[in-house]
Amino acid sequence: MLEITRIRTEKDSIIEGLKKRNLDVAPTIDQILDKDQQWRSAKTDLEAIAAEQNQLAKQIGELFKQGKQEEANTAKIRTGELKLKETELKSLVDGLDQEITQLLYTLPNVPNELVKAGKDEKDNEIVFEDGEQPTFSSEPLAHWDLAKKYDLIDFELGVKVTGAGFPFYKGKGAKLQRALIAFFLEEADKVGYEEYIPPLVVNEASGYGTGQLPDKEGQMYYVNEDDFYLIPTAEVPLTNIFRDVILPDDQFSIKLTGYTPCFRREAGSYGKDVRGLNRLHQFDKVEIVRIEHPDNTAKALEEMIEHVKGLLSKLGLQFRILRLCGGDTGFASAMTYDFEVYSAAQQKWLEVSSCSRFDTFQSNRLKLRFKNQDKKTQLCHTLNGSALALPRIVAALLENHQTPEGILIPEALQKFTGFDRIA
RNA sequence: GGAGAGUUGGCAGAGUGGUCGAUUGCGGCAGUCUUGAAAACUGUUGAACCGAGAGGUUCCGGGGGUUCGAAUCCCUCACUCUCCGCCA
């Protein structure tokens, strides 16, 4: 959520910035500012009344003590009048407050200056490319065929036991899964991310904290009985650790990582995009989260990108990095880099990571602040990224590393799998 | 699942209708003393909002009520803890 103070002072740059998302928010902003004006004026009046009431209450107490019943009762009449007015003003103030918040909820984050205007994924910029396209002696199989051939993943069994999008991993398929998690966590550990194992369900407040609620409610599984949500990403519990926290100035940078399964309803997905591992309702992911001083955010994002690059290189996958255009950048994000690996058999790019800086957009909702040098509280910056999401990595590994002798496991992974090929 | 006890400032913990944003202790910060540190002593130390400022308002788990006045009384919801039961 954008800060109201920022809207007051940076109206024009916000309107300009959000044009990169193909949005014209000028009417909304004007509406907000108009209501904000009313709100402030009503609030001032309300506070004046409250001040007078406080004053009178004190006097009345004094008068009672001195036994001046008459005078006290006269004063009481005045408080009665004030109370009526107060009730009226209060409902006005509260109403405006809610309307403003509702409007604020509709405004996405303002894109960073590096972000180009654009409509959808077609306008994303490729900023980096690396790795070789693999060559095959015969037509490569898609990962769902490979999974069947080597008995690594059983999709039908998942359908039987749960439903579509909840596969079973078996044998070496399961081991590969476990190896990737261990590999990713160890790599994150090497560069200073502290490992957490968070809860997999969160309460409503946490959903609001990271912005899944109220707008993306339908994307999370909901446990009715206890009002819990299954996490769609470890970002939710890891970032909410810092909800309502005021950090000392010297605590930065805070770097966390965690492996969790992620649960997504993905309502409305269909067709070839959901085939095999391409889109699941439950998948594994290692997430990295950073809490930063605003001055360090750009550097932090660079570091995260380097980290993810390293992972993909060590896995021997061809990949590219995209800087998302305004229209494709997530609601809460100020700038997002997507990592895509090339899937040789499907002949398309698969998104495996997304690294974003949110600046104060999340911390504003979270009330995550720090004491700056002037001893003032100031909002922190938050960032996060996948490092990495497993299913599409598995898809690419299987497809790109298939040979007549079996699927070759990248060397970096072998110490975790305990085998060097799947045959 | 049954019974009970709680929820107050960074933490501990007082406060049962007015002068309480809140005693006190610890912690933090600043200073005195010291070559330095520790100890001791002194002072200081919550957040949000309105206002150009002076200043004002709000917050003692959330919401509602009683009252001129609520941390304190009433209602309600949430959460936490303890004991018993069940279970990994």
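Colleague: Can you break down the sheet that holds strand β15 (residues 377-379) residue by residue, with the values?
Modeller: Pairing between sheet strands relies on hydrogen bonds along the backbone, with the strands arranged either parallel or antiparallel. An order of β8-β14-β15 is seen for the three strands of this open sheet, with the pairing classed as mixed. Each edge of the open sheet carries a strand with a single partner, namely β8 (245-247) and β15. For this sheet the average axis-to-axis angle between neighbouring strands, irrespective of direction, equals 35 degrees.

Colleague: Which residues make up the sheet that holds strand β7 (residues 228-230), and what values do they have?
Modeller: Judged by pairing direction, the sheet is antiparallel, and its three strands sit side by side in the order β5-β7-β6 without closing on themselves. Edge positions in the sheet fall to β5 (201-202) and β6 (222-223), since each has one partner strand and no second.

Colleague: Give me helix α7 (residues 171-190): which residues, what numbers.
Modeller: Each α-helix winds once per 3.6 residues, and so residues spaced three or four apart point in a common direction. Spanning 20 residues, α7 covers 29 Å between terminal C-alpha atoms, matching the ideal 28 Å at 1.5 Å per step. For α7, every residue scored as buried is listed here: G173, L176, Q177, A179, L180, I181, F183, F184, L185, E187 and A188. Downstream of α7 by one or two residues, G192 has phi in the positive range, about 95 degrees.

Colleague: Can you break down the protein's contact with RNA strand B residue by residue, with the values?
Modeller: Around RNA strand B, a shell composed of 21 residues is seen, among which R8, T44, A57, K371 and T377 lie nearest. The sugar-phosphate backbone supplies 64% of the atoms of RNA strand B found within 4 Å of the protein. Within the side chain of E47, an N or O atom sits 3.0 Å from a base nitrogen of RNA strand B. Taking A57, its main chain carries an N or O atom lying 2.7 Å from a base nitrogen of RNA strand B. Of all the secondary structure elements, the ones that give two or more residues to the surface near RNA strand B are α3 (26-65), α4 (69-105) and β14 (368-371). Residue classes in the surface near RNA strand B are distributed as seven nonpolar, five polar and nine charged.

Cut-offs used in this document
Residues numbered from 1 in each chain as written. Chains lettered and ligands numbered in written order. Predicted model: local features only at pLDDT ≥ 70, side-chain atom pairs only at ≥ 80, totals over all residues. Heavy atoms only, no water. Pairing = 2+ DSSP bridges. Helix = DSSP H or I, 4+ residues; strand = E, 2+ residues; numbered from the N terminus. Axes fitted to C-alpha atoms, helices over the stretch in contact; angles between N-to-C directions. Expected span 1.5 Å × (residues − 1). Buried < 20%, exposed > 50% of the residue type's maximum accessible area, 1.4 Å probe, protein only. Near = heavy atom within 4 Å. Polar contact = N/O pair within 3.5 Å; in protein donor to acceptor, adjacent residues only side chain to side chain. Nonpolar A, V, L, I, M, F, W, Y, C, P; charged D, E, K, R; others polar.

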